[in-house]
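Next come the chains, spelled out residue by residue.
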Amino acid sequence: MLVSLYRYNPEADNAPYMQDVEVEIPEGKDLMVLDVLNLVKEKDPSMSYRRSCREGVCGSDGMNMNGKNGLACITPVSDVVKNNKLVLRPLPGLPVIRDLVVDMGLFYKQYEKVMPYLVNDKPAPAIERLQSPEEREKLDGLYECILCACCSTACPSFWWNPDKFIGPSGLLQAYRFLADSRDTAQAERLENLDDPFSVFRCRGIMNCVSVCPKGLNPTKAIGHIRNLLLQRAT
Amino acid sequence: MGMNSVTNIGRNGIQDWIIQRATAYILALYTLFLLGFFVTTDVDYQAWSALFGQGWFKIFSLLALLSIAGHAWVGLWTVSTDYIKPAMPRFLLQAACVLVMFVYVVWGIQILWGL
Ligand code: SF4
Ligand code: SF4
Ligand code: FES
């Protein structure tokens, strides 16, 4: 199989380029894209990419495979390969550090802005802050995010304003805490989101939903945030 | 947090959003009404000028004109902040858009009330 790889080493290369490598796929096996990358790296140890858990939990190997963002470790080659060719590029829209490794700084900065932690100024109870099963259920589909950045780097609004638009991943987390019955900072959280960029640059394109490897729906969470802002404003 | 919106019509994101939706509904209503008028009436000069002779229709038309201006203002402000990063050209474009909208509204009032 032909694998076309985005290569860039800022210390040696003037500009990024695509490198074609022929990789032998063992007969009758459907490898994951990450396995293919590992085979490439056996031949060429200079090939750089991030990975850790190799089972879709850590979120470190988000990349662009034949045009679609996803986690290399849980994406079967057969799902993305076209005409026996696999094209691997870094996540779009973020600065490339080397090969498939991108600088996630802007992504994390947006995450930080939404205060991704529980705020509760009431004295802590002796054991724990209780939630009813219904209250807990509201967090389903929100807490599972692994911050892989596949969604935000597939979002055109994030490409244009990565410094001002929170992006689907950060907004999903914003709603995760807005929806938490134990959190007491809802007013402050909404206040921080009520400018023309943080939330409202979402144009409902839904690229985020189509790429999320965990099957989450940031667009829906963004809709909920907009409704909360609407309630607050009227 | 975020960019100041002194050149925008709404004071914050939700105001922009509401203006954008509300004006869209008004424009849709106006369009539907005109379509209905064209379909049900044999439009000639008399019918057309009778329609514009009525006070309520002048007000409806002015409302539609203001809606176009508001809708375009929010929309163009958004597009300009998406694509034009240097502040000076962006401000000039925004100012030009606002000026054009202002002229259209005043001119529209003149036409509607035959001033
Ligand atoms: S729905 Fe919103 S957040 Fe998701 S990709 Fe589209 S613009 Fe981005
Ligand atoms: S919402 Fe999905 S795609 Fe986005 S960062 Fe979380 S897990 Fe990744
Ligand atoms: S290596 Fe951890 S998610 Fe792919």
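Since the model is a prediction, treat every value here as computed from it, not as a measurement.

1. Examining the overall build of chain B
Okay, step 1: Scanning chain B from terminus to terminus reveals four helices and zero strands.
Okay, step 2: Written out in order from the N terminus, the α and β elements of chain B read α-α-α-α.
Okay, step 3: Rg of the C-alpha trace for chain B: 17 Å, well past the compact-globule value of 13 Å for 115 residues, more than 25% over.
Okay, step 4: Overall, the C-alpha framework of chain B stretches about 55 × 25 × 20 Å when taken along its three principal axes.
Okay, step 5: Looking at chain B as a whole, 32% of its 115 residues qualify as buried.
Okay, step 6: Counted over contacts in chain B with a minimum sequence separation of 6, partners at least 24 positions apart contribute 66%.
Okay, step 7: Carbon and sulfur atoms form 74% of the exposed surface of chain B, whose accessible area is close to 7200 Å².
Okay, step 8: Taken together, the 5 basic and 4 acidic charged side chains of chain B have centroids lying 18 Å from each other.

2. Focus on the site of ligand 1
Residue and element names in this part refer to chain A.
Okay, step 1: Taken together, 13 residues lie around ligand 1, and Cys-155, Cys-202, Ile-205, Met-206 and Cys-208 are the ones closest in.
Okay, step 2: Those elements that place two or more of their residues in the shell around ligand 1 are α8 (207–211) and α9 (218–233).
Okay, step 3: Looking at the shell around ligand 1 residue by residue, the classes come out as eight nonpolar, four polar and one charged.

3. Some points on helix α7 (residues 186–193) of chain A
In an α-helix, one turn spans 3.6 residues; hence positions three or four apart end up facing the same way.
All names here are of chain A.
Okay, step 1: By the burial criterion, the buried members of α7 are Arg-189, Leu-190 and Leu-193. Along α7, the residues classed as buried sweep out an arc of 95° about the axis, all on the same side. Away from its buried face, by an angle of more than 90 degrees, α7 presents the exposed residues Ala-187 and Glu-191.
Okay, step 2: Looking at the buried positions of α7, the neighbouring elements they touch are α6 (167–178) and α9.

4. What about a nonpolar patch on the surface?
Okay, step 1: A surface patch of nonpolar side chains, about 820 Å² in accessible area, is lined by Leu-99, Val-100, Phe-102, Val-103, Tyr-104, Val-106, Trp-107 and Ile-111 of chain B.
Okay, step 2: You can see Leu-99 of chain B is positioned in helix α4 (residues 87–112).

5. Focus: the site of ligand 2
Okay, step 1: If you check the shell around ligand 2, you find Cys-145, Ile-146, Leu-147, Cys-148, Ala-149, Cys-150, Cys-151, Ser-169, Leu-172, Cys-212, Pro-213 and Lys-214 of chain A and nothing else.
Okay, step 2: When grouped by side-chain class, the residues that make up the shell around ligand 2 number ten nonpolar, one polar and one charged.

6. Thoughts on the nonpolar core
Okay, step 1: Counting 34 residues, the largest nonpolar core has Leu-171, Tyr-175, Leu-178, Leu-193, Val-199, Ile-225 and Leu-229 of chain A as the members making the most contacts within it.
Okay, step 2: Elements that contribute at least two residues to this core include exactly α6, α7 and α9 of chain A together with α1 (13–40) of chain B.

7. Re the sheet that holds strand β4 (residues 68–71) of chain A
All names here are of chain A.
Okay, step 1: Pairing in this open sheet of five strands is mixed, and the strands run β2-β1-β5-β3-β4 from one edge to the other. The strands lining the two open edges of the sheet, one partner per strand, are β2 (17–22) and β4. Direction aside, neighbouring strands of the sheet carry axes that sit 30° apart on average.
Okay, step 2: Note that strand β3 (residues 62–65) and strand β5 (residues 85–89) share two bridges and pair antiparallel. Paired with Met-65 across the strands is Leu-88, a residue of β5.

So, how was this worked out
Residues numbered from 1 in each chain as written. Chains lettered and ligands numbered in written order. Predicted model: local features only at pLDDT ≥ 70, side-chain atom pairs only at ≥ 80, totals over all residues. Heavy atoms only, no water. Helix = DSSP H or I, 4+ residues; strand = E, 2+ residues; numbered from the N terminus. Rg over C-alpha atoms; globule rule 2.2 N^0.38 Å. Buried < 20%, exposed > 50% of the residue type's maximum accessible area, 1.4 Å probe, protein only. Contact = heavy atoms within 4.5 Å. Areas by Shrake-Rupley, 256 points an atom, 1.4 Å probe, with all protein chains shown as cover. Lys, Arg positive; Asp, Glu negative; His and termini not counted. Charge placed at Lys NZ, Arg CZ, Asp CG, Glu CD. Near = heavy atom within 4 Å. Nonpolar A, V, L, I, M, F, W, Y, C, P; charged D, E, K, R; others polar. Arc of directions from axis to C-beta. Patch = residues over 30% accessible without salt bridge, like charges linked within 9 Å, V, L, I, M, F, W, Y side chains within 5 Å. Salt bridge = Lys/Arg side-chain N within 4 Å of Asp/Glu carboxyl O. Core = buried A, V, L, I, M, F, W, Y, C linked by side-chain atoms within 4.5 Å. Pairing = 2+ DSSP bridges. Axes fitted to C-alpha atoms, helices over the stretch in contact; angles between N-to-C directions.

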